[in-house]
Amino acid sequence: MVMTASSRAPQASGSSDNQRSPFVRLNELLAPHEPGKPLISLAVGEPQHPVPDFVGPVLAKHVADFGRYPMNQGMEPFRNAASAWLSSRFKLPRALDPKSELLVLNGSREGLFLAAIAAARYVGPKPGKPAILMPNPFYPVYGAGAGAAAEPVYLPTTVENGFLPDLDAIDEATLARTVAFYLASPANPQGSVASRDYFTRLKSLADRHNFMILSDECYSEIYTRQAPGSALECAGPDFTRVAAFQSLSKRSNLPGLRVGFAAGDKTFIGKFLELRNIAAPQVPMPLQQVAIVAYGDEAHVEENRRLYRIKFDLADQIIGNRYGYRRPDAGFCVWLNTSEIGDDVAVTLKLFREAGVRVVPGSYLARLQPDGFNPGAGYIRLALVQDSETTAQALHRLVETLG
């Protein structure tokens, strides 16, 4: 059954756990226990593939620039490189202006949080309490950003709606007071990808109701079949009311570099820069120099995809048709329905205590809907970030333990 969005935010049934970091909760859940076998963690989406060879030499060449304050907008060569990459990777209506339509970020996480505040300022007053919509389950920073700027409204993403928010299920009253809509494509945790038609429909809603689309596309380069598109492709000639967020964390195996960018609507980017000038740290210039080289090189990205393809081939073979498994359209996460085995928290504990495999309960990645439904309940998330041998071992242990 497709759940409809409510005009009020769901409550957590008196428990503050529903609003906390899923990874802190996972640590607390597992802390009293010992892994039954040598630990393999598939819990955190931290890429473990090798860091590209060019990183060290570029940092060494520009190490003196750590002694300078960089501009918050980002170095011109970085903005040029990121803009050129967008144009080569996606079928954009036109090339972005790197001076006014692109902004460097301390990774996409920082940007996605502050973007909610910038969007509320950009859109202005709304009838009723301003709302920010997001998929449920979701990347936790969406909830934090929405809560800082407006009222979060959670849109359940289930197998029935292809693990993307059902745009037809959002009532007009909610849309009228919406200031922003977070969308993850490829989605975390399910790996679903929005089609061009989906992006176009969402853009039509944004234009009709005057809200920003905050499109999280940081997994766009991790795919094993068809390359995902971007919301920018369907944003019109001026990218109005659309901002896409990218990061090198997944694309280039550089989660510790903390470099990403936002690109799109010129007026929104201007408001965003004003906010970052007073509320966010600048991105060090040597790190931007690494990013310039990274966005100009596709060989390491293609190798990255090859390594993930091997692991998803292993998942296809080892998991097969168990637990509702399907090879995700993109990203490196596997979303397994273990509800027939037991509660997702209990399953997580079982895998840790008996198999030494660390995963995340799906319910920890979601919020309760107003009727008490948790769209993540009954699922576990696996991040296939380890090497292929370790991944195969973990998947075999999982199947042997759960049956």
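Here goes a summary of the coordinates provided. If you're wondering where the values come from, they're calculated on a predicted model, not measured in any experiment. (Residues numbered from 1 in each chain as written. Predicted model: local features only at pLDDT ≥ 70, side-chain atom pairs only at ≥ 80, totals over all residues. Heavy atoms only, no water.)

A short note on the overall build of the protein
Alright, step 1. When its secondary structure is counted, the protein shows 13 helices and 12 strands.
Alright, step 2. Computed over C-alpha atoms, the radius of gyration of the protein comes to 21 Å, within 12% of the 22 Å expected from 2.2 N^0.38 for 403 residues, which places it in the range of a compact globule.
Alright, step 3. Within the protein, buried positions represent 61% of all 403 residues.
Alright, step 4. When contacts within the protein are restricted to residue pairs at least 6 apart in sequence, those whose partners lie at least 24 apart make up 78%.
Alright, step 5. On the protein, roughly 15,600 Å² of surface is accessible, and the fraction owed to carbon and sulfur atoms is 52%.
Alright, step 6. With 41 positive and 40 negative side-chain charges, the protein shows a separation of 3 Å between the mean positions of the two kinds. (Helix = DSSP H or I, 4+ residues; strand = E, 2+ residues; numbered from the N terminus. Rg over C-alpha atoms; globule rule 2.2 N^0.38 Å. Buried < 20%, exposed > 50% of the residue type's maximum accessible area, 1.4 Å probe, protein only. Contact = heavy atoms within 4.5 Å. Areas by Shrake-Rupley, 256 points an atom, 1.4 Å probe, with all protein chains shown as cover. Lys, Arg positive; Asp, Glu negative; His and termini not counted. Charge placed at Lys NZ, Arg CZ, Asp CG, Glu CD.)

Some thoughts on the layout of surface pockets
Alright, step 1. Within this model, the largest pocket holds a volume of roughly 700 Å³.
Alright, step 2. As for the largest pocket, its lining consists of 33 residues, and the residues nearest its centre are Phe23, Arg109, Tyr139, Pro140 and Lys250.
Alright, step 3. Looking at the lining of the largest pocket, the elements that each hand over two or more residues are helix H1 (22–30), helix H4 (107–123), helix H5 (140–149) and helix H8 (248–251).
Alright, step 4. The element that contributes the greatest number of residues to the lining of the largest pocket is H5, accounting for 5 residues. (1 Å grid on protein atoms, 1.4 Å probe; cavity = no way out; pocket = protein on both sides within 12 Å on 5 of 7 lines; lining within 4 Å. Points joined across faces, edges and corners; volume = space filled by probe spheres on them.)

Section: the sheet that holds strand S2 (residues 102–105)
Strand pairing in a sheet takes place through backbone hydrogen bonds and is either antiparallel or parallel in direction.
Alright, step 1. What the 7 strands build is an open sheet, ordered S2-S8-S7-S6-S5-S3-S4; its pairing is mixed. The outermost strands of the open sheet, each flanked by one partner alone, are S2 and strand S4 (151–156). For this sheet, the mean angle separating the axes of adjacent strands, direction not counted, is 20°.
Alright, step 2. In this sheet, S4 lies alongside strand S3 (residues 131–136) in parallel orientation, the contact comprising 6 bridges. Pairing of Asn136 across the sheet is with Pro156, part of S4.
Alright, step 3. Of the strands in this sheet, S2, S3, strand S5 (178–184), strand S6 (212–216), strand S7 (242–247) and strand S8 (260–264) touch H4, which is tilted by about 155° from S5. (Pairing = 2+ DSSP bridges. Axes fitted to C-alpha atoms, helices over the stretch in contact; angles between N-to-C directions.)

Considering the packing of helix H3 (residues 76–89) against helix H10 (residues 285–295)
Each pair of packed helices gets described by two things: the angle between the helix axes and the distance between those axes.
Alright, step 1. Two elements in contact, H3 and H10, have axes whose closest approach is 9 Å; the angle formed by their N-to-C orientations is 25°. Relative to H10, the element H3 lies roughly parallel. Where H3 crosses over H10, the handedness of that crossing is left-handed. Facing H3, whose interface residues are Pro77, Phe78, Ala81, Ala82 and Trp85, H10 presents Gln288, Ala291, Ile292 and Tyr295. (Parallel < 35°, antiparallel > 145°, perpendicular 65-115°, else oblique. Left-handed = near helix turned anticlockwise from the far one by under 90°.)

Digging into the packing of aromatic side chains
Alright, step 1. One pass over the full model with this rule turns up 17 aromatic pairs.
Alright, step 2. Geometrically, the ring pair formed by Phe181 and Phe211 is stacked, given 6.3 Å between the ring centres and 20° between the ring planes. Of this pair, Phe181 sits in strand S5 while Phe211 is found in the loop between helix H7 (196–209) and S6, placing the two residues 30 residues apart along the sequence.
Alright, step 3. With relative accessibility at 0%, the residue Phe181 sits in the buried group.
Alright, step 4. Judged by its relative accessible area of 0%, Phe211 is buried.
Alright, step 5. Ring geometry for Phe268 against Phe272: centres 5.6 Å apart, planes inclined by 45°, an arrangement best described as tilted. A residue pair is termed a helical-turn pair when its members lie 3 or 4 positions apart in one helix, as Phe268 and Phe272 do in helix H9 (residues 266–279) at 4 residues.
Alright, step 6. By relative accessible area, which is 0% here, Phe268 ends up buried.
Alright, step 7. Since its relative accessible area comes to 0%, Phe272 is described here as buried. (Phe/Tyr/Trp six-rings, centres within 6.5 Å; stacked < 30°, edge-to-face > 60°.)

With respect to the side chain of Arg89
Alright, step 1. With respect to the helices and strands, the residue Arg89 is situated in helix H3.
Alright, step 2. Ignoring any residue separated from it by four or fewer positions in sequence, one finds Arg89 in contact with Ser220, Glu221, Tyr223, Ala227 and Pro228.

What about the sheet that holds strand S11 (residues 360–361)?
Alright, step 1. A sheet is described by the order of its strands in space; here 3 strands give the open sequence S9-S12-S11, paired in antiparallel fashion. Unpaired on one side and paired on the other, strand S9 (333–337) and S11 mark the two borders of the sheet.
Alright, step 2. Looking at chain direction, S9 and strand S12 (residues 379–383) are connected through 5 bridges and run antiparallel. Bridge pairing links Asn337 to Tyr379 in S12.
Alright, step 3. Helix H12 (residues 344–355) contacts S11 and S12 of the sheet and is inclined by roughly 45° relative to S12.

Focus on the pattern of salt bridges
Alright, step 1. Taken as a whole and judged by the stated rule, the model has 16 salt bridges.
Alright, step 2. Salt-bridge contacts for Arg201 lead to Asp168; the nearest nitrogen and oxygen are separated by 2.9 Å. Linking Arg201 in helix H7 with Asp168 in the loop between S4 and helix H6 (172–176), this pair joins segments that are 33 residues apart in sequence.
Alright, step 3. A relative accessible area of 31% means that Arg201 is categorised as partly exposed.
Alright, step 4. Overall, the relative accessible area of 65% leaves Asp168 in the exposed class.
Alright, step 5. Of the charged contacts, one joins Lys203 and Asp207 as a salt bridge, the two residues approaching to 2.8 Å between their closest N and O atoms. On the criterion of helical spacing, the pair formed by Lys203 and Asp207 is a turn pair, its members being 4 residues apart in helix H7. (Salt bridge = Lys/Arg side-chain N within 4 Å of Asp/Glu carboxyl O.)

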